[in-house]
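# Secondary and tertiary structure notes
Listed here are the chains, written in short residue letters.
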Amino acid sequence: MDFSEAQKRVIELRAVIKENNEAYYVFDAPKITDFEYDELYRELKRIEEEFPLLITPDSPTQKVGDKVIDGFTEIKHKYRLYSLDNSNNYDDLKKWYERVQKENNNNSELELVVELKIDGLSCALSYENGILKMAATRGNGVVGENITENIKAVKSIPQKLSKPVNLEVRGEVYMPVSSFEKLNEENIENGLKEFANPRNAAAGSLRQLDASITAKRDLHFFAYTAISDDKELFKTHKEALNLLSELGFDVNPNHKLVRGINSVIELCAYWENERFNLDYATDGMVIKINSLSLQNELGYTSRAPKWATAFKFPPEEVWTRLLGIELSVGKTGAVTPVALLEPVQLAGSTVKRASLHNFDEIERLQINIGNEVLIKKAAEIIPKVIRKRENENLGVYEAPKYCPSCGAELVKFEGEVGLYCTNSLNCPAQQKGRIEYWASKEAMDIDGVGESIVEKLWDKNLIRDFADLYKLKLEDFMQIDLIKEKSADNLYSAIQKSKTPTMTRFLTALSIKHIGKETADLVANEFPTLDAVKNAQIDDLMQINGIGEKAAKSLIEYFNNENNKLILSKLEEYGVKPQGSAVAKISDIFNGKTFVITGTLSQPRNVFEEKIKQLGGKTSSSVSKKTSYVLAGDNPGSKFDKASDLGVIILSERDFILLSEGKYNE
Ligand code: AMP
Ligand code: ZN
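Treat the numbers as computed from the prediction; the structure is a model and nothing was measured.

### Let's talk about the site of ligand 1
Not every one of the 13 residues close to ligand 1 is listed here, only the nearest: Ser83, Glu115, Ser122, Glu172 and Lys288. In this structure, Lys117 approaches ligand 1 through a side-chain N or O atom, which is 3.2 Å from an oxygen atom. The separation between a nitrogen atom of ligand 1 and a polar side-chain atom of Lys288 is 2.9 Å. Its free accessible area being 500 Å², ligand 1 has 88% of it covered by the protein chains. Every element with two or more residues in the shell around ligand 1 is listed here: strand 3 (111–118) and strand 10 (282–289). Tallying contributions element by element places strand 3 first for the shell around ligand 1, with four residues.

Rendered as structure tokens:
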């Protein structure tokens, strides 16, 4: 790039960045994603570094750029509010650290505090003698908006501190993700505009000229900086955070004091994934030098402190093109649309598909094939489509009228959003879905029989329902192309081995509507033989704690249906017979105890579940006060945290074995 090219590009970039600054800060309605913004900003910074002559005082790299909205009065900040320099890779973090070490003339490892970068709205609060006097937004860093009245409506901000100190407190006002989603649902219902993300919702709620509206929104505050003229009040950043907690502020608990840059990188890598389990949005990590005297020595650039830096997470949201919509028909006949996307990088992986939930959702999003769409990484594995580009109108994708698998007409059931194919007997997709489910881990657990094997057996006309699996001979498997799959031998014997399931597994595997694994277990405990289940009356079933009318009716209907009777008799003929009871009890040691399992254990979960039942215990999928024990393996999920919160005893696999042998001391 030569000088004149650079000059041209710099002008372009500044114009786009300024326009977006305004959209973001003044109107709380960003037009591009944060990631795109950061890319533009970094490009501008790179060019200015190469051609320093191009730097002007009003360049966005030289100041914190935003304006005051009409209607709020301006306040001049007592202490300037800076922005933060940021990077999106570990090399830059290391370079920052080395620069600081060099300026400090010291090669020993420095103390750093690593915090989550909360994605909300930063505010400065001034307290005199412990009383809240004034609150302001960051504005351009020198002048901000007076939002004192609105701040008083934020629950977690104390108006009186536990000590009569003079202090400026800075932090982030945010809206929990769950409250943001609820607010958007309400806004949709009331025909109001949706907020693009929790940060915009927080900013839009706080910057209301009518503070009573602010009071109705679920806003919270995490304090992350304290500034005082009294140099004795705290000497390190960590001490300042401790003081803030003591004074009555919420300080984000997920901060850590570490030594050296390697621990920082470990924490960044950890939170990059773990952040999706938090109920507030984060867009990175902030790394600060702990010693305030070293902070003072290092000082500031025109825009940001040299003693702190931010690490930005890879984008959680990204724009891409909708190339098609795949219609998949499940074992219940529900037709689900899945977005097929132009492949993009999102939060560290390549994404080609996203969830669209159902056709009402497509209608709500007003999207069609060809639209550019914003997709977002969610806690689930498959990302979801958030919205389309404004003003890109290509019409709305029309919901199908006929089943893509069998051609039958689709129907909508009262009170349900989905579209269903009701041709349950002859719809290939539904039948294949039920066969796959029969063989799945949750049901009969037939090793190696998954989607692709079922597809091949189906195409060769070898199976039409799950009972057919048991009439297959070894030669049948040799007929199908088994590249990369298990050998014919293994498949054949896995199927044969599955002929004596527990009653629970057998009932689950039948794919009876409203009868999932847990319900099947309840039924199997009361009616331990197939004959007993078949003869059960609706009242008997409804007597069982946890079984409602819907499930009971559905079970009775299933066993009265002629076609199902046929499949059941085929199963019997081929020698598939559930064992007498759910699980044979061998002792009472776990009587009255409820277990919840989380994380990865040395053997599949069902092994532990069956062991628990054999010893008289029960299992459940969620933690509550009634849970006796949580059995936790590696990488436990949120159940672990919930158990700790509720004080439920958490067992390792070893503890569990000791407990089952009566040797565990609580
Ligand atoms: P940026 O907006 O990218 O310039 O980043 C600076 C902003 O990060 C600050 O103005 C704060 O609003 C925000 N921020 C969020 N969490 C923190 C934190 N723990 N420490 C400092 N700033 C934070
Ligand atoms: Zn169909």
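Now that the structure has been shown, the text picks up again.
### Structural notes on the sheet that holds strand 22 (residues 649–651)
Strand order in the open sheet formed by four strands is 20-19-21-22, with parallel pairing between adjacent strands. Two strands lie at the open edges of the sheet, namely strand 20 (618–620) and strand 22, each paired on one side alone. Direction aside, neighbouring strands of the sheet carry axes that sit 35° apart on average. Pairing of strand 19 (residues 594–598) with strand 20 involves three bridges; the strand directions are parallel. Residue Thr594 lies in a different strand from strand 20, and its bridge partner there is Lys618. Against the sheet, helix 22 (residues 605–614) makes contact with strand 19, strand 20 and strand 21 (629–632), and its axis sits at roughly 170° relative to strand 19, the strand it touches most. In the packing of helix 24 (residues 653–660) onto the sheet, the strands contacted are strand 19, strand 21 and strand 22, and the crossing angle to strand 22 comes to about 100°.

### Quick word on the coordination of the zinc ion (ligand 2)
Coordination sphere of the zinc ion (ligand 2), protein contribution only: Cys403 (SG), Cys406 (SG), Cys421 (SG) and Cys427 (SG), at 2.2 to 2.4 Å. One can describe the donor arrangement at the zinc ion (ligand 2) as tetrahedral, given that its four donor atoms subtend angles of 100 to 116° at the metal. Here Cys403 falls in the buried class, since its relative accessible area comes to 4%.

### A closer look at the environment of Phe595
Here Phe595 shows up in strand 19. For the pair Phe595 and Phe72, spaced 523 residues apart in sequence, the C-alpha to C-alpha distance is 55 Å. Setting aside residues up to four positions removed in sequence, Phe595 forms contacts with Phe590, Ile612, Lys618, Thr619, Ser620, Tyr629, Leu651, Phe656 and Leu659.

### A closer look at the packing of helix 20 (residues 549–560) against helix 21 (residues 562–573)
Two elements in contact, helix 20 and helix 21, have axes separated by 5 Å at closest approach and are oriented at 70°. Regarding the angle of helix 20 to helix 21, the classification is roughly perpendicular. In contact with Tyr558, Phe559 and Asn560 of helix 20, helix 21 contributes Glu562, Asn564, Lys565 and Leu568. Residue composition of the contact of helix 20 with helix 21, grouped by class: three nonpolar, two polar and two charged.

### Details of the nonpolar core
Trp438, Ile446, Leu469, Leu510, Phe559 and Leu571 are the most contacted members of the largest nonpolar core, which has 52 residues in total. For this core, the elements supplying multiple residues, two or more each, are helix 12 (428–439), helix 13 (451–459), helix 15 (488–497), helix 16 (503–509), helix 17 (517–526), helix 18 (530–535), helix 20 and helix 21. Sort the elements by how many residues they give to this core and helix 20 lands first, with five residues. When near neighbours in sequence (up to four residues on either side) are disregarded, Leu571 contacts Trp438, Phe466, Ala467, Tyr470, Phe506 and Val576. Within the second largest apolar cluster, 37 residues are counted, among which are Phe195, Ala201, Leu219 and Val251.

### Observations regarding the pairing of strand 12 (residues 317–329)
Here strand 12 pairs with strand 15 (residues 372–376) via five bridges, running antiparallel. Across the sheet, residue Arg321 finds its bridge partner in strand 15, namely Glu372. Of the pairings in the sheet, the one linking strand 12 to strand 13 (residues 334–346) comprises seven bridges and is antiparallel in character. Counterpart to Val329 in the pairing with strand 13 is Val335.

### Quick notes on the packing of aromatic side chains
Evaluated as defined, the whole model comprises 22 aromatic pairs. Measuring from centroid to centroid gives 5.6 Å for Tyr127 and Phe249, while their planes differ by 85°, and the two rings are edge-to-face. Taken together, the positions of Tyr127 in strand 4 (residues 121–128) and Phe249 in the loop between helix 8 (237–247) and strand 9 (256–259) put the pair 122 residues apart, joining distant regions of the chain. For the ring pair Phe595 and Phe656, a centre distance of 5.9 Å and an interplane angle of 85° mean the geometry is edge-to-face. On the criterion of sequence distance, the pair formed by Phe595 in strand 19 and Phe656 in helix 24 is long-range, its members being 61 residues apart. You can call Phe656 buried: its relative accessible area is 2%. Every member of this aromatic cluster is reached through a ring pair, and the members are Phe590, Phe595, Phe608, Tyr629 and Phe656. Between the NZ or CZ atom of Arg80 and the centre of the ring of Tyr82, over which it lies, the distance is 4.4 Å.

### What about the pattern of salt bridges?
Working definition: two side chains of opposite charge can pair if their charged atoms are close together. Applying the stated rule across the entire model yields 37 salt bridges. One salt bridge in this structure joins Asp283 and Lys117, with 3.5 Å as the shortest N-O distance. You can see Asp283 sitting in strand 10 and its partner Lys117 sitting in strand 3, a full 166 residues away along the chain. Of the residues examined, Asp283 reaches a relative accessible area of 12% and is grouped as buried. With a shortest N-O distance of 3.2 Å, Glu661 and Lys663 are connected by a salt bridge. Overall, Lys663 belongs to the exposed group, its relative accessible area being 54%. Taken together, the shared-partner salt bridges connect Asp38, Lys117, Asp283 and Lys312 into one network.

### Observations concerning the side chain of Glu317
Residue position: Glu317 is located in strand 12. Filtering out sequence-adjacent residues up to four positions away, Glu317 remains in contact with Thr33, Ala196, Leu346, Leu374, Ile375 and Lys376.

Reading guide: rules and limits
- Residues numbered from 1 in each chain as written.
- Chains lettered and ligands numbered in written order.
- Predicted model: local features only at pLDDT ≥ 70, side-chain atom pairs only at ≥ 80, totals over all residues.
- Heavy atoms only, no water.
- Near = heavy atom within 4 Å.
- Polar contact = N/O pair within 3.5 Å; in protein donor to acceptor, adjacent residues only side chain to side chain.
- Areas by Shrake-Rupley, 256 points an atom, 1.4 Å probe, with all protein chains shown as cover.
- Helix = DSSP H or I, 4+ residues; strand = E, 2+ residues; numbered from the N terminus.
- Pairing = 2+ DSSP bridges.
- Axes fitted to C-alpha atoms, helices over the stretch in contact; angles between N-to-C directions.
- Contact = heavy atoms within 4.5 Å.
- Donors = N, O, S within 2.8 Å, 3.2 Å for Na, K, Ca; no water.
- Tetrahedral: all angles 85-135°; square planar, octahedral: opposite > 155°, others 65-115°.
- Buried < 20%, exposed > 50% of the residue type's maximum accessible area, 1.4 Å probe, protein only.
- Parallel < 35°, antiparallel > 145°, perpendicular 65-115°, else oblique.
- Nonpolar A, V, L, I, M, F, W, Y, C, P; charged D, E, K, R; others polar.
- Core = buried A, V, L, I, M, F, W, Y, C linked by side-chain atoms within 4.5 Å.
- Phe/Tyr/Trp six-rings, centres within 6.5 Å; stacked < 30°, edge-to-face > 60°.
- Lys NZ or Arg CZ within 6 Å of the ring centre and 35° of its normal.
- Salt bridge = Lys/Arg side-chain N within 4 Å of Asp/Glu carboxyl O.

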